Amino acid sequence: MFELDHELAQDIVDRTMAILPYNVNVMDNQGLILGSGEPERINTRHEGAQLVLANGRVVEIDGQTAKHLKGVLPGINLPLMHDQRLIGVLGITGEPDGLRTYAELVRMTAEMLVSQRHQQAELQWRRQRCDDLLALLLADTG
């Protein structure tokens, strides 16, 4: 089972913000901000993300709605999926009308980065197991 971590979340944020002029947040499966263009928000809860996690769908928050939620700015929050499992939330700050297309592209890219990181970790695990087995077979006591 693969989980988001701070390093991967911040990598997604940094790569995205190098291209787009919007703040990006990546939250885990509990709504905790793991990566953000606003470092002071890291390790805080995001109510918009919690709505996505509860409903499993995109949540758009306009300026009026944001006033009623704690720690939330206007923007779009999208579910991040891996192997058909909801592993976190991607949030982009700004007025939703201007963000929809960007948000879908960023989500697709983030999910590809998650899959790549998962595949790398799995390959490294397999290599280590093969090395361990080979060492046992070659050892005198094996």
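Coordinates for the structure precede this section.
What you see is a predicted model, and the numbers here were worked out from it, not measured in a lab. (Residues numbered from 1 in each chain as written. Predicted model: local features only at pLDDT ≥ 70, side-chain atom pairs only at ≥ 80, totals over all residues. Heavy atoms only, no water.)

Explain a nonpolar patch on the surface to me, and be specific about the residues and the numbers.
A cluster of nonpolar side chains, Leu 133, Leu 134, Leu 137 and Leu 138, forms an exposed patch at the surface whose accessible area comes to about 450 Å². The exposed category is assigned to Leu 138, whose relative accessible area is 66%. (Patch = residues over 30% accessible without salt bridge, like charges linked within 9 Å, V, L, I, M, F, W, Y side chains within 5 Å. Areas by Shrake-Rupley, 256 points an atom, 1.4 Å probe, with all protein chains shown as cover. Salt bridge = Lys/Arg side-chain N within 4 Å of Asp/Glu carboxyl O. Buried < 20%, exposed > 50% of the residue type's maximum accessible area, 1.4 Å probe, protein only.)

Can you break down the sheet that holds strand β4 (residues 75-82) residue by residue, with the values?
Read across the sheet, five strands follow the order β2-β1-β5-β4-β3 without closing on themselves; strand pairing throughout is antiparallel. Of all the strands in the sheet, the pair left with one neighbour each is β2 (33-36) and β3 (59-61). Ignoring strand direction, the axes of neighbouring strands in this sheet form an average angle of 20 degrees. Relative to β4, β3 runs antiparallel, the two sharing three bridges. Looking across to β4, one finds that Glu 60 is bridged to Ile 76. Its contacts with the sheet place helix α2 (residues 47-55) against β1 (24-27), β3, β4 and β5 (85-93), and it is angled at close to 145 degrees to β5. (Pairing = 2+ DSSP bridges. Helix = DSSP H or I, 4+ residues; strand = E, 2+ residues; numbered from the N terminus. Axes fitted to C-alpha atoms, helices over the stretch in contact; angles between N-to-C directions. Contact = heavy atoms within 4.5 Å.)

Pulling in residues and values, what's your account of the side chain of Asn 23?
Residue placement: Asn 23 occurs in the loop between α1 (6-17) and β1. For Asn 23, the side chain forms a polar contact with the main-chain nitrogen of Glu 38, separated by 3.5 Å. Those residues within four positions of Asn 23 in sequence are excluded, and the remaining contacts are Met 17, Ser 36, Gly 37, Glu 38, Arg 41, Gly 91, Ile 92 and Thr 93. (Polar contact = N/O pair within 3.5 Å; in protein donor to acceptor, adjacent residues only side chain to side chain.)

How would you summarise the pattern of salt bridges if you had to cite specific residues and measurements?
In the structure shown here, the tally under the stated rule is nine salt bridges. In this structure, Asp 11 engages Arg 15 in a salt bridge whose closest nitrogen and oxygen atoms are separated by 3.2 Å. Taken together, the positions of Asp 11 and Arg 15, both in helix α1 and four residues apart, correspond to about one turn of that helix. The partner of Arg 41 in a salt bridge is Glu 38, and the shortest N-O contact between them spans 3.4 Å. Judged by its relative accessible area of 11%, Arg 41 falls in the buried class. Here the salt bridges share partners, and the residues they tie into one network are Asp 11, Arg 15 and Arg 117.

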